[in-house]
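# Analysis of the macromolecular model
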Amino acid sequence: MKNIITIFNREFRSYFSSPIAYIVIGLFLVLTGVFFYLLTSSFLQYSANLQWQAARMRQAVPPMNVNQMIIRPLFSNISVITLFVVPMITMRTFSDEKKSGTLELLLTSPVTTTQIVVGKFLASFLLYVIMALLTWVYPLVIIIYGNPDILPIGIAYIGIIGMGAASIGIGLWISSMTENQIISAMGTFVILLFLWLVGWFSNFTSGGFSEFFKYLSIIEHFNDFSKGIFDTGHLMYYVSLSGMTLFLAHQSIESLRWRS
Amino acid sequence: MIQINNLTKRYGEFLAVDDISFNVEKGKILGFLGPNGAGKTTTMRIITGFMPPSEGFVTISGHDVSKEPLLTKNKIGYLPETPPLYMDMTVEEYLNFAGLLKQVPNKKIKYAVENACLKVDINDVKNKVIKALSKGYKQRVGLAQAIIHEPEVLILDEPTIGLDPIQIREVRDLIKSLAGNHTIVLSTHILPEVDMTCDEVVIIKKGKIIAQDTPKNLSKKMNKSSLEEIFIDLISESRSEEK
Ligand SMILES: Nc1ncnc2c1ncn2[C@@H]1O[C@H](COP(=O)(O)OP(=O)(O)OP(=O)(O)O)[C@@H](O)[C@H]1O
Ligand SMILES: [Mg+2]
């Protein structure tokens with residue numbers, strides 16, 4: 001445990017000793033902010049329209065669902081944006097250490113490969129969680145001015161965080177296979193994009209294939225979370241994807257010793 | 001202290017280390033000599049547990065490096081060919097991290113860092129970011145990292161590479177002063193260094209040991225005054241044999 005904390009500490013601090021963390025978090029907040037602005041302004045316009053129409057027809061204003069109209073699309077957008085920023089979070093993790101030779105320090109120290117992988121994962125994951133939770137201001141604005149159900153918001157965040165864990169696992173794995181940060185980021189992005197688009201393939205196939213593609217899709221599993229539906233099956237998908245990719249990262253570091 | 005038994009390493013088909021064996025006694029300094037590509041770094045990487053051998057085994061005070069990796073890694077301080085430095089950290093942060101990695105207890109870490117800085121004389125740059133240091137200072141930080149947990153065994157891969165003559169002398173004196181408490185294996189191209197610091201020399205070429213003795217005995221045997229002559233002789237000898 002102490003070793004994991006040692007690895008974690010250095011890794012987490014390294015994000016803030018370079019501009020990386022600030023750029024990633026800044027970019028993420030700007031992008032999500034833009035979507036939030038667009039969603040709320042179109043919602044306001046829509047509701048103004050409805051009110052005007054209701055007044056003209058001398059009817060009561062029909063009820064509008066903030067959760068459905070703002071919260072749900074907001075979280076869908078956030079989930080897509082994470083696919084773009086996760087590669088930036090994970091690109092350096094192993095690639096940099098391979099390139100600079102510091103991996104040799106880690107691998108000749110009395111720590112296990114598992115401790116190295118887990119320590120690094122936790123550092124990237126914490127940065128991700130902080131970044132994701134910084135978006136709480138958007139739901140807060142809605143809570144102040146509207147009357148949304150709170151529980152679905154919490155569930156959506158669980159989905160965002162679960163999806164992040166899986167994406168970061170993928171990023172670490174790819175990073176463990178190359179000493180080039182750019183390749184690491186691109187590779188991670190391509191795989192995440194594939195796991196995102198694979199859901200669409202299911203529309204063009206049928207039967208078992210369709211189900212399989214749907215199951216693979218990282219976004220497909222998020223849809224229920226964004227609707228406020230908590231399903232342990234979806235959470236299990238994220239947890240097992242994280243576990244599997246961390247195992248693969250572990251194997252790739254170990255095999256590096258054998259091959260190098 | 002260190003026993004190397006029939007060590008062989010293949011990279012694919014390529015034989016980098018070919019059935020080498022030697023021992024290093026406690027408190028002694030062994031010089032590991034050889035031309036470029038002889039297999040020095042490869043051997044050291046196996047001793048430190050960075051990678052496993054294809055055949056043979058290494059023991060550190062009786063413990064097999066492949067079978068008890070955590071135990072033996074704890075006993076070894078290692079300075080790789082390129083010092084494994086995190087350029088964004090300050091010297092102190094880095095040594096702190098290295099110390100914790102090497103299982104120095106939290107309570108003693110401050111003392112360990114201070115002690116290591118003192119030994120390699122880098123107190124004046126302690127708060128500098130590593131990337132801003134000169135090559136010689138980087139090398140010293142690498143050395144400080146290797147001795148931070150006061151390991152029984154020190155493996156130094158070309159510790160004086162890239163240093164100016166004064167620094168070379170300083171590092172040489174430092175290494176000498178470390179012997180006794182530490183058992184040291186150092187690789188080098190600089191022959192006078194071996195003459196002056198090492199108790200024993202192993203010369204390898206193309207993965208094979210071609211000579212192994214004390215520097216004195218070697219000069220006696222070969223009837224040569226300097227190790228340099230011996231080295232060049234040995235290396236070119238085996239070169240002409242191949243023809
Ligand atoms: N990862 C690797 N994959 C394939 N071959 C390698 C690898 N590392 C080293 N070699 C080869 O093994 C041989 C021994 O290399 P090694 O680095 O051990 O030599 P060295 O004695 O340290 O040389 P130098 O004095 O140049 O540092 C060389 O021919 C080298 O090309
Ligand atoms: Mg070498």
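Given the structure is predicted, the values throughout are model-derived calculations rather than measurements. (Residues numbered from 1 in each chain as written. Chains lettered and ligands numbered in written order. Predicted model: local features only at pLDDT ≥ 70, side-chain atom pairs only at ≥ 80, totals over all residues. Heavy atoms only, no water.)

What follows is about the sheet that holds strand β4 (residues 55–60) of chain B. All names here are of chain B. The antiparallel open sheet is built from 4 strands, whose spatial order is β2-β1-β4-β5. Lying at the two open borders of the sheet, with one neighbouring strand each, are β2 (14–24) and β5 (63–64). Here strand β1 (residues 2–11) runs beside β4; their pairing, made up of 5 bridges, is antiparallel. The residue bridging Asn 5 from the neighbouring strand is Phe 57, located in β4. (Pairing = 2+ DSSP bridges. Helix = DSSP H or I, 4+ residues; strand = E, 2+ residues; numbered from the N terminus.)

Take the interface of chain A and chain B next. Across the contact, 26 residues belong to chain A and 28 residues belong to chain B. Buried surface at the junction of chain A and chain B, both sides included, amounts to about 2500 Å², of which 61% is carbon and sulfur. When residues of chain A are sorted by the area they lose upon contact with chain B, Glu 104, Leu 105 and Pro 110 of chain A head the list and together hold 26% of the total. Applying the counting criterion to the chain A and chain B interface returns 1 salt bridge. Summed over the shared surface of chain A and chain B, the result is 8 residue pairs in polar contact (both at pLDDT 80 or more). Mapped by element, the contributors of at least two residues to the side of chain A that touches chain B are α1 (2–17), α4 (95–100), α5 (102–107) and α12 (232–259) of chain A. Here the residues of the side of chain A that touches chain B sort into 8 nonpolar, 11 polar and 7 charged. (Contact = heavy atoms within 4.5 Å. Buried area = accessible area lost by both parts, 1.4 Å probe. Salt bridge = Lys/Arg side-chain N within 4 Å of Asp/Glu carboxyl O. Polar contact = N/O pair within 3.5 Å; in protein donor to acceptor, adjacent residues only side chain to side chain. Nonpolar A, V, L, I, M, F, W, Y, C, P; charged D, E, K, R; others polar.)

A separate point is the layout of surface pockets. Of the volumes computed, that of the largest pocket is approximately 520 Å³. The wall of the largest pocket is formed by 25 residues, among which Arg 10 and Ser 14 of chain A together with Tyr 86, Asp 88 and Met 89 of chain B lie closest to the centre. Elements that contribute at least two residues to the lining of the largest pocket include exactly α1 and α4 of chain A together with α3 (91–101) of chain B. By residue number, the principal contributor to the lining of the largest pocket is α1 of chain A, which donates 8 residues. Residues of the lining of the largest pocket, tallied by class, amount to 8 nonpolar, 8 polar and 9 charged. (1 Å grid on protein atoms, 1.4 Å probe; cavity = no way out; pocket = protein on both sides within 12 Å on 5 of 7 lines; lining within 4 Å. Points joined across faces, edges and corners; volume = space filled by probe spheres on them.)

Let us look at the sheet that holds strand β9 (residues 200–205) of chain B. All names here are of chain B. If you trace the 6 strands from one edge of the open sheet to the other, you get β6-β7-β8-β3-β9-β10, paired in mixed fashion. The open sheet is flanked by β6 (76–79) and β10 (208–213), the only strands paired with a single partner. For this sheet, the mean inter-axis angle between neighbouring strands, taken without regard to orientation, is 15°. The pairing of strand β3 (residues 29–33) with β9 spans 4 bridges and is classified as parallel. The residue bridging Gly 31 from the neighbouring strand is Val 201, located in β9. Its contacts with the sheet put helix α5 (residues 135–147) on β6 and β7 (153–157), and the angle it makes with β6 is roughly 165°. In the packing of helix α6 (residues 165–178) onto the sheet, contacts are made with β3, β7 and β8 (183–188), and the angle to β8 comes to roughly 155°. (Axes fitted to C-alpha atoms, helices over the stretch in contact; angles between N-to-C directions.)

The next thing to look at is the packing of α3 of chain B against α5 of chain B. All names here are of chain B. Relative orientation of the contacting elements α3 and α5 amounts to 30°, with a least axis distance of 9 Å. By the angle between their axes, α3 is roughly parallel relative to α5. In this structure, α3 meets α5 at a crossing whose hand is right-handed. Facing α3, whose interface residues are Val 91, Tyr 94, Leu 95 and Ala 98, α5 presents Val 141, Ala 144 and Gln 145. Residues that form the contact of α3 with α5 fall into these classes: 6 nonpolar, 1 polar and no charged. (Parallel < 35°, antiparallel > 145°, perpendicular 65-115°, else oblique. Left-handed = near helix turned anticlockwise from the far one by under 90°.)

A few words now on the site of ligand 1. All names here are of chain B. Neighbouring residues of ligand 1: 15 residues in total, closest Asn 36, Lys 40, Thr 41, Thr 42 and Glu 81. Gly 39 is positioned with one of its backbone polar atoms (N or O) 2.9 Å from an oxygen atom of ligand 1. Note that an oxygen atom of ligand 1 is positioned 2.6 Å from one of the side-chain N or O atoms of Thr 42. Coverage of ligand 1 by the protein amounts to 66% of the 640 Å² it exposes when considered alone. Of all the secondary-structure elements, those providing two or more residues to the shell around ligand 1 are β2 and α1 (40–47). Top element by residues in the shell around ligand 1 is α1. It accounts for 3 residues. (Near = heavy atom within 4 Å. Areas by Shrake-Rupley, 256 points an atom, 1.4 Å probe, with all protein chains shown as cover.)

All names here are of chain B. Domain assignment breaks chain B into domain 1 (2–75 + 153–242) and domain 2 (83–150). Once you take the C-alpha centre of each, domain 1 and domain 2 turn out to be 25 Å apart. Taken together, the contact pairs 16 residues of domain 1 with 13 residues of domain 2. Applying the counting criterion to the domain 1 and domain 2 interface returns 1 salt bridge. (Domains from an automatic or database assignment.)

So, about the coordination of the magnesium ion (ligand 2). Only Thr 41 of chain B (OG1) and Glu 81 of chain B (OE) from the protein reach the magnesium ion (ligand 2) as donors, at distances of 1.9 to 2.2 Å. Of the two residues, Thr 41 of chain B is situated in helix α1 and Glu 81 of chain B in the loop between β6 and α3; the sequence distance between them amounts to 40 residues. (Donors = N, O, S within 2.8 Å, 3.2 Å for Na, K, Ca; no water.)

All names here are of chain A. Under the definition given, this model contains 13 salt bridges over all chains. Arg 10 is paired through a salt bridge with Glu 11; the nearest N and O atoms lie 3.0 Å apart. Bridged by salt links that share partners, the residues Arg 10, Glu 11, Glu 97 and Lys 120 form one connected network.

Before going further, it helps to spend a moment on the confidence of the model for chain B. Averaged over all residues, the pLDDT of chain B is 88; the fraction at 70 or higher stands at 95%. Our summary of model confidence lists the complex with pTM equal to 0.91 and ipTM equal to 0.90. (pLDDT = per-residue confidence, 0-100.)

As a further point, take the nonpolar core. Where a protein is soluble and globular, its nonpolar side chains tend to be buried together. In this structure, Ile 218 of chain A together with Leu 95 of chain B are the most contacted members of the largest nonpolar core, which totals 144 residues. Element by element, the count of residues in this core is highest for helix α8 (residues 151–175) of chain A, at 12 residues. In this structure Ile 218 of chain A touches Met 163, Ala 166, Ser 167, Leu 192, Leu 195, Trp 196, Tyr 237, Tyr 238 and Leu 241 of chain A, once residues within four positions along its chain are discounted. (Core = buried A, V, L, I, M, F, W, Y, C linked by side-chain atoms within 4.5 Å. Buried < 20%, exposed > 50% of the residue type's maximum accessible area, 1.4 Å probe, protein only.)

In this section: the environment of Pro 148 of chain A. Residue and element names in this part refer to chain A. Within the element layout of this structure, Pro 148 appears in the loop between α7 (137–145) and α8. Taking the relative accessible area as the measure of exposure, Pro 148 reaches 8% and is therefore buried. Those residues within four positions of Pro 148 in sequence are excluded, and the remaining contacts are Asn 67, Ile 142 and Ile 143.

Following the criterion strictly, the structure yields 14 aromatic pairs over all chains and no others. Both rings, one in Phe 75 of chain A and one in Tyr 157 of chain A, keep their centres 4.9 Å apart while their planes meet at 85°; by these two values the pair is edge-to-face. Separated by 82 residues along the polypeptide, Phe 75 of chain A in helix α3 (residues 66–90) and Tyr 157 of chain A in helix α8 bring together distant segments of the chain. We classify Phe 75 of chain A as buried; its relative accessible area is 0%. Ring centres of Phe 225 of chain A and Phe 230 of chain A lie 6.2 Å apart, and the angle between their planes is 70°; on these two criteria the pair is classed as edge-to-face. Taking relative accessible area as the criterion, Phe 230 of chain A reaches 40% and is therefore assigned partly exposed. Grouped by ring-pair contacts, the aromatic residues Phe 222, Phe 225, Phe 230, Tyr 237 and Tyr 238 of chain A constitute a single cluster. Residue placement shows Arg 140 of chain B over the ring face of Tyr 137 of chain B; its charged tip is 4.8 Å from the ring centre. (Phe/Tyr/Trp six-rings, centres within 6.5 Å; stacked < 30°, edge-to-face > 60°. Lys NZ or Arg CZ within 6 Å of the ring centre and 35° of its normal.)

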